Amino acid sequence: MTHAFTLEKPPSVVNKLNRPLSLQRFVGDLTPSRRPRYIGGVPFNDQNPSASQTVLTEVGEARSPVPSSEAGCLIVIYGQEMGRRVRVTTEPLIIGRSPKCDIQVDQESVSRNHCRIRFEGGEFLVRDLGSTNGTYVNDDVVSEDGRLRHGDQLKVGRTILKFIVGDDVEVEYHEEIYRLMTTDGLTQLNNKRYFDEMLDREVARAKRYKRSFSLLVFDIDLFKNINDKFGHLAGDAILRQLGAVLLGRLRVNDVLARIGGEEFALITPEVGLDGAIELAGKINRLIADTRFDFEGSPVAVTVSVGVAEWQPHYEDPGDLFKAADEKMYEAKRNGRNQVCA
């Protein structure tokens, strides 16, 4: 018997009073909670949380391996139809490229019958069905039956689905949709929309209080070659790994975002040009020294970084971005894997 499921469009995000939430109004609350600080000699010494800082525990540390409900949902957080959800019950369901699957993912990287989710022994399990490109839970390949726990990310081909289960599925779903407004589903970094909001805010502060800040724009060198040699799944994996590496070196107030395919930007409040150049050098060396891999094969990755500091004669955020972007392309013209400011 074919499992019946519902595929729903994301609703408008509302608060408890059933009023639409304004991104601009709540923009100060959208800073990601998992932002470690820099490691190294740059004078960012905010290592101990102050009374004004909020300290959050990573969700993964608090998850129970056994769901408290026999019903949940999968939310597409990266791929086609982002934000849509599929209800998951105790009935088994199959994900694959075939139109006969309970959840069809029409991508070349997805096998006709890719994986199966079932409920057994009080928990949800996922099993790969001999797919060509494998099934992943939190970037770990699934061989036998793998557990699906609340908050886990299920990767099928190039599509990523987040699993939500428990007594407050509806609330969790609305919160996830709200998060998707500002987060890149692939890398879990800030997205272009959030970056633009934060750059506007930082420019307004610089004009009002005569404060300095800098912008770093960087791009993975020869990223097309990685896709051509290893495939787009490898490219996605490299982007996710790079995001994870950089998050381990950031201050709580910095804004790191994926703003294009393989292009990233970093806003550094209260940091002048010299400090930003030092930081850019650290990022450049860190990426070059990090071992990136895809399915056990090493992938060489470097970045070219452009740096610019806000200047009083700039009229708007676009002037600063243009200056940093031009310096990034200068770094590429000079041979790549370097910093220009």
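Residues numbered from 1 in each chain as written. Predicted model: local features only at pLDDT ≥ 70, side-chain atom pairs only at ≥ 80, totals over all residues. Heavy atoms only, no water.

Considerations on the confidence of the model for the chain
- Model confidence for the chain is summarised by a mean pLDDT of 84, while 80% of its residues fall at 70 or above.
- Counted against residues more than four places away or in other chains, residues 1–9, with its pLDDT under 50, gives 26 contacts. (pLDDT = per-residue confidence, 0-100. Contact = heavy atoms within 4.5 Å.)

Concerning the sheet that holds strand β18 (residues 303–309)
- With mixed pairing, 5 strands are arranged side by side in an open sheet as β14-β15-β13-β18-β19. Edge positions in the sheet fall to β14 (255–258) and β19 (339–340), since each has one partner strand and no second.
- Two elements, strand β13 (residues 213–220) and strand β15 (residues 263–269), share 7 bridges in a ladder whose sense is antiparallel. Looking across to β15, one finds that F213 is bridged to P269.
- Packed on one face of the sheet, helix α3 (residues 192–209) meets β13, β14 and β15 and runs near 30 degrees to β15.
- Across the sheet, helix α6 (residues 273–289) lies against β13, β15, β18 and β19, angled at about 170 degrees from β18, the strand it touches most. (Pairing = 2+ DSSP bridges. Helix = DSSP H or I, 4+ residues; strand = E, 2+ residues; numbered from the N terminus. Axes fitted to C-alpha atoms, helices over the stretch in contact; angles between N-to-C directions.)

Focus: helix α5 (residues 232–247)
- Here α5 contains 16 residues, and its C-alpha end-to-end distance of 23 Å stays within 8% of the 22 Å for a straight helix at 1.5 Å per residue.
- The buried count for α5 comes to 13 of 16 residues, which makes it a mostly enclosed element. (Expected span 1.5 Å × (residues − 1). Buried < 20%, exposed > 50% of the residue type's maximum accessible area, 1.4 Å probe, protein only.)

What about the packing of α5 against α6?
- Where α5 contacts α6, the two axes come as close as 11 Å, and the packing angle between them is 130 degrees. The angle between the axes of α5 and α6 places the two elements in the oblique class. Note on packing geometry: the crossing formed by α5 with α6 is right-handed. Touching L242, V245 and L246 of α5 are I283, L286 and I287, all from α6.
- Among the residues making up the contact of α5 with α6, the classes are represented as 6 nonpolar, no polar and no charged. (Parallel < 35°, antiparallel > 145°, perpendicular 65-115°, else oblique. Left-handed = near helix turned anticlockwise from the far one by under 90°. Nonpolar A, V, L, I, M, F, W, Y, C, P; charged D, E, K, R; others polar.)

Section: the pairing of strand β4 (residues 93–96)
- Across 3 bridges, β4 lies against strand β6 (residues 115–120) in antiparallel orientation. What sits directly across from L93, in β6, is I117.
- Bridge count between β4 and strand β5 (residues 103–104): 2 bridges; the pairing is parallel. By the bridge assignment for β5, I95 is matched with I103.

Looking at unusual backbone geometry
- One non-glycine residue with positive phi stands out, namely D139, at about 70 degrees.
- As for its position among the elements, D139 is in the loop between β8 (135–137) and β9 (140–141).
- Judged by its relative accessible area of 44%, D139 falls in the partly exposed class.
- At K210, a position not held by glycine, the phi torsion is positive, near 60 degrees.
- Its place among the elements puts K210 in the loop between α3 and β13.

Remarks on the sheet that holds strand β7 (residues 123–128)
- The mixed open sheet is built from 5 strands, whose spatial order is β5-β4-β6-β7-β10. Among the strands making up the open sheet, the edge pair consists of β5 and β10 (146–148).

Brief notes about the packing of aromatic side chains
- Taken as a whole and assessed by the stated rule, the structure comprises 6 aromatic pairs.
- Residues F124 and F163 carry aromatic rings whose centres are separated by 5.3 Å and whose planes lie at 70 degrees to one another, so their mutual orientation is edge-to-face. You can see F124 sitting in strand β7 and its partner F163 sitting in strand β12 (residues 159–165), a full 39 residues away along the chain.
- On the accessibility criterion, F124 (0% relative accessible area) is buried.
- Considering the side-chain rings of F213 and W310, the 6.3 Å spacing of their centres and the 15 degrees angle between planes classify their relative orientation as stacked. Of this pair, F213 sits in strand β13 while W310 sits in the loop between β18 and α7 (317–333); the two residues are 97 residues apart in sequence, bridging distant segments of the chain. (Phe/Tyr/Trp six-rings, centres within 6.5 Å; stacked < 30°, edge-to-face > 60°.)

What about the pairing of strand β3 (residues 85–88)?
- For strand β2 (residues 72–78) and β3, the ladder comprises 4 bridges, and the chain directions are antiparallel. Bridge assignment links I75 to a residue of β3, and that residue is R85.
- From the end of β2 to the start of β3, which pair antiparallel, there are 6 residues, and G79 there has a positive phi angle of about 125 degrees.

Concerning the pattern of salt bridges
- The final tally for this structure, using the stated rule, is 24 salt bridges.
- Between R127 and D145 there is a salt bridge, and its shortest N-O distance comes to 3.0 Å. With R127 in strand β7 and D145 in the loop between β9 and β10, this residue pair connects regions lying 18 residues apart in the sequence.
- D145 sits in the partly exposed class, given a relative accessible area of 30%.
- Bridged by salt links that share partners, the residues R118, E120, R127, E144 and D145 form one connected network. (Salt bridge = Lys/Arg side-chain N within 4 Å of Asp/Glu carboxyl O.)

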